[in-house]
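Coordinates in review
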Amino acid sequence: MDYEGLGFSSTVIDTLKTFDLIAAVHDESLSAYVISQCQQASDVLAVLLLQQESGVQRPLRVVPLFETLDDLQRAADTVDALFSMSLYRGRIHNKQEIMVGYSDSAKDAGRLAASWQQYQSQIAMMDVAEKYQVELTFFHGKGGTVGRGGNPALFQAILAHPPNTIHGRFRVTEQGEMITQNFGQIPVAERTMDLFTAGVLAERFIPRPSVKPEWEDMMTRLSTISCDVYRHVVREEPRFVPYFRTATPEMELSGLNVGSRPAKRNPKGGVDSLRAIPWNFAWTQTRLNLPTWLGVGDAFSHELQTNPDLLKEMVTEWPWFRTLVDLLEMILVKSDIKIAENYDVQLVTDAPSVQLGQELRRKMQDTVGAVLKVSGNTRLQQENHVLLRSLTVRNPYIDPLNVIQAELLRRLRQEGAAAASPDERQRLQDALLITINGIANGMRNSG
């Protein structure tokens, strides 16, 4: 069909041609159509209609992806609107897959607030599915880094999901260097699949405590405080964007072939338009890991003043909360204030950004203290002897890469760098790419 002649916009034409292609390929070439940033029931119905109008003989299952904090809060209502239509339930044969976004929700509201909303949303959507007798399967859109929902302890990560939301059906993404790490060798891949299988099976039989009302109230308060602090720094602090662009390799990441998609959804946009992968990746490279802990220290410190015993009870009796605290410890023990400070020394020149960098590092130090008070440990990950030994071996190799990377960034950005020969700039960029890959693999959860 001549879509151009009908006067459609380029976006509409691209969409229509996509569905024409879906109709043309073999039935088993594709399996699911994931709707990124799904916000309402009509988003799902529109995809079903487009498949029908394009002549797709074997329609792809349509998977809504709820990503931002607001989308997750509305998710149960959106699902209820879909399932209330008997025609829709018949179309899907009472089986629905839903993708829960961990990356963009954490980027939107911070790790703690996003984690709690994901927990609540999954339970609420499962309640809706049970009301309409629909078999619901959650597709967990996690990345390797903790800031994108990752957890290297696969077995415990599965058990930490909300009770009665897996039912033997578990789907999760694997991205970046995590694919090589978990599936790069046959024995490792078998071990990974063993862990997934054991976790999904054990989840059916291991009883978990019901969430007490006072625990829910506590999590609501913690989420509100941490989200407010996170958004104030990331969205409202005028010094933040200039600091982020200067103190991290974010600008260089978009020019290097290190990802499967563009770094930004809108090339002209700011931090809000930046994809979650480069957002987390940039902070992981500098070892500040800001998206994972920002706001957590403020929330914990506030509640430690008024409800310390309740926090201790939650860590002791609630596996989900204990796993959350353990993950915070894990990412903080991998962080390094001195390394992060060196990036500022080498790259940050304006006084406001220098001051903000100092404030953020103090916040991280305060967060370490608050997390330790909640966990009851005297030092981060004190019982995780394997990780601590691993860091003792790895850090002497990663630390120099961080120092070299900061120097390379300074040279690429300094005055006169534009006048350097193409060969010289290429050598600098090649060296920068090597440091990026080295740090990512050394940190082991940045994908």
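Computed from a predicted model, the values in this text were never measured in an experiment. (Residues numbered from 1 in each chain as written. Predicted model: local features only at pLDDT ≥ 70, side-chain atom pairs only at ≥ 80, totals over all residues. Heavy atoms only, no water.)

1. Here we look at the overall build of the protein chain
Within the protein chain, the secondary structure is distributed over 21 helices and five strands. Expressed as a percentage of the 447 residues in the protein chain, the buried residues total 50%. Pairs at least 24 apart in sequence give 80% of the contacts found in the protein chain among residues at least 6 apart. (Helix = DSSP H or I, 4+ residues; strand = E, 2+ residues; numbered from the N terminus. Buried < 20%, exposed > 50% of the residue type's maximum accessible area, 1.4 Å probe, protein only. Contact = heavy atoms within 4.5 Å.)

2. Some words on the nonpolar core
Ranked by internal contacts, the top residues of the largest apolar core, which has 70 residues, are Met 219, Leu 222, Phe 240, Phe 300, Trp 318 and Phe 321. Sorting elements by how many residues they give to this core places helix α17 (residues 319–334) first, with ten residues. If we skip the residues at most four places from it in the chain, Phe 300 touches Leu 112, Leu 222, Leu 311, Phe 321, Val 325, Leu 328, Ala 370, Val 371 and Val 374. One finds Leu 60, Phe 66, Phe 83 and Val 128 within the second-largest nonpolar core, a separate group that totals 31 residues. (Core = buried A, V, L, I, M, F, W, Y, C linked by side-chain atoms within 4.5 Å.)

3. Considering the pattern of salt bridges
Evaluated as defined, the whole model comprises 20 salt bridges. Among the salt bridges present, the one from Asp 108 reaches Arg 231, with a minimum N-O distance of 3.1 Å. Here the residue Asp 108 occupies a position in helix α5 (residues 103–109), and Arg 231 occupies one in helix α10 (residues 213–236), the gap between them amounting to 123 residues. (Salt bridge = Lys/Arg side-chain N within 4 Å of Asp/Glu carboxyl O.)

4. Focus on the side chain of Gln 96
Relative to the helices and strands, Gln 96 is located in strand β3 (residues 95–101). Engagement of the side chain of Gln 96 in a polar contact is seen with the backbone oxygen of Val 62, the distance being 3.1 Å. Apart from residues lying up to four places away in sequence, Gln 96 is in contact with Val 62, Pro 64, Phe 83, Tyr 88, Val 134, Glu 135, Leu 136 and Thr 137. (Polar contact = N/O pair within 3.5 Å; in protein donor to acceptor, adjacent residues only side chain to side chain.)

5. Quick word on empty space enclosed by the protein
Evaluation of the coordinates by the stated rule reveals four cavities of 30 Å³ or more. Its volume calculated, the second largest cavity comes out at about 60 Å³. Taken together, Ile 22, Ala 23, Val 25, His 26, Asp 27, Leu 30, Val 56, Gln 57, Arg 58 and Leu 60 make up the full set of residues lining the second largest cavity. The class makeup of the residues in the lining of the second largest cavity is six nonpolar, two polar and two charged. (1 Å grid on protein atoms, 1.4 Å probe; cavity = no way out; pocket = protein on both sides within 12 Å on 5 of 7 lines; lining within 4 Å. Points joined across faces, edges and corners; volume = space filled by probe spheres on them. Nonpolar A, V, L, I, M, F, W, Y, C, P; charged D, E, K, R; others polar.)

6. So, the confidence of the model for the protein chain
Mean pLDDT for the protein chain: 88, with 89% of residues reaching 70 or above. Here residues 144–151 is modelled with pLDDT under 50, and outside its nearest four sequence neighbours on either side it reaches 42 contacts, counting other chains as well. (pLDDT = per-residue confidence, 0-100.)

7. A short note on the sheet that holds strand β2 (residues 61–66)
If you trace the five strands from one edge of the open sheet to the other, you get β1-β2-β3-β4-β5, paired in parallel fashion. Each edge of the open sheet carries a strand with a single partner, namely β1 (32–35) and β5 (171–172). (Pairing = 2+ DSSP bridges.)

8. Some details on the environment of Pro 162
Structurally, Pro 162 is set in the loop between α7 (154–159) and β5. The class of Pro 162 is buried, set by a relative accessible area of 2%. Distance from Pro 162 to Arg 208, taken between C-alpha atoms, is 9.1 Å for residues 46 residues apart in sequence. In contact with Pro 162, not counting residues within four places along its chain, are Tyr 119, Gln 122, Ile 123, Glu 203 and Arg 208.

9. Focus on the pairing of β1
Consecutive side chains along a regular strand alternate between the two faces of the sheet. Bridge analysis of β1 against β2 gives four bridges, and the strand direction is parallel. In the strand pairing of β2, Tyr 33 is matched with Val 62. Between β1 and its parallel partner β2, the chain crosses via helix α2 (residues 41–53), and the hand of that crossover is right-handed. (Right-handed = clockwise from strand over helix to strand, strands pointing away.)

10. Some thoughts on the environment of Asp 344
For Asp 344, the position within the fold is in helix α18 (residues 337–347). Taking the relative accessible area as the measure of exposure, Asp 344 reaches 7% and is therefore buried. Taking the C-alpha atoms as reference, Asp 344 lies 8.8 Å from Thr 248; in sequence the two are 96 residues apart. A polar contact is formed between the side chain of Asp 344 and the side chain of Tyr 243, at a distance of 3.0 Å.

11. Observations regarding unusual backbone geometry
Excluding glycine, a negative phi dihedral is what most residues carry, and trans is how most peptide bonds are arranged. Residue Arg 287 is not a glycine yet carries a positive backbone phi of 70°. With respect to the helices and strands, Arg 287 occurs in the loop between α13 (276–285) and α14 (290–293). Exposure remark for Arg 287: the relative accessible area of 1% places this residue in the buried category. In this model, Asn 289 sits at a positive phi of 50°, which is unusual for a non-glycine residue. Relative to the helices and strands, Asn 289 resides in the loop between α13 and α14. You can call Asn 289 buried: its relative accessible area is 2%.

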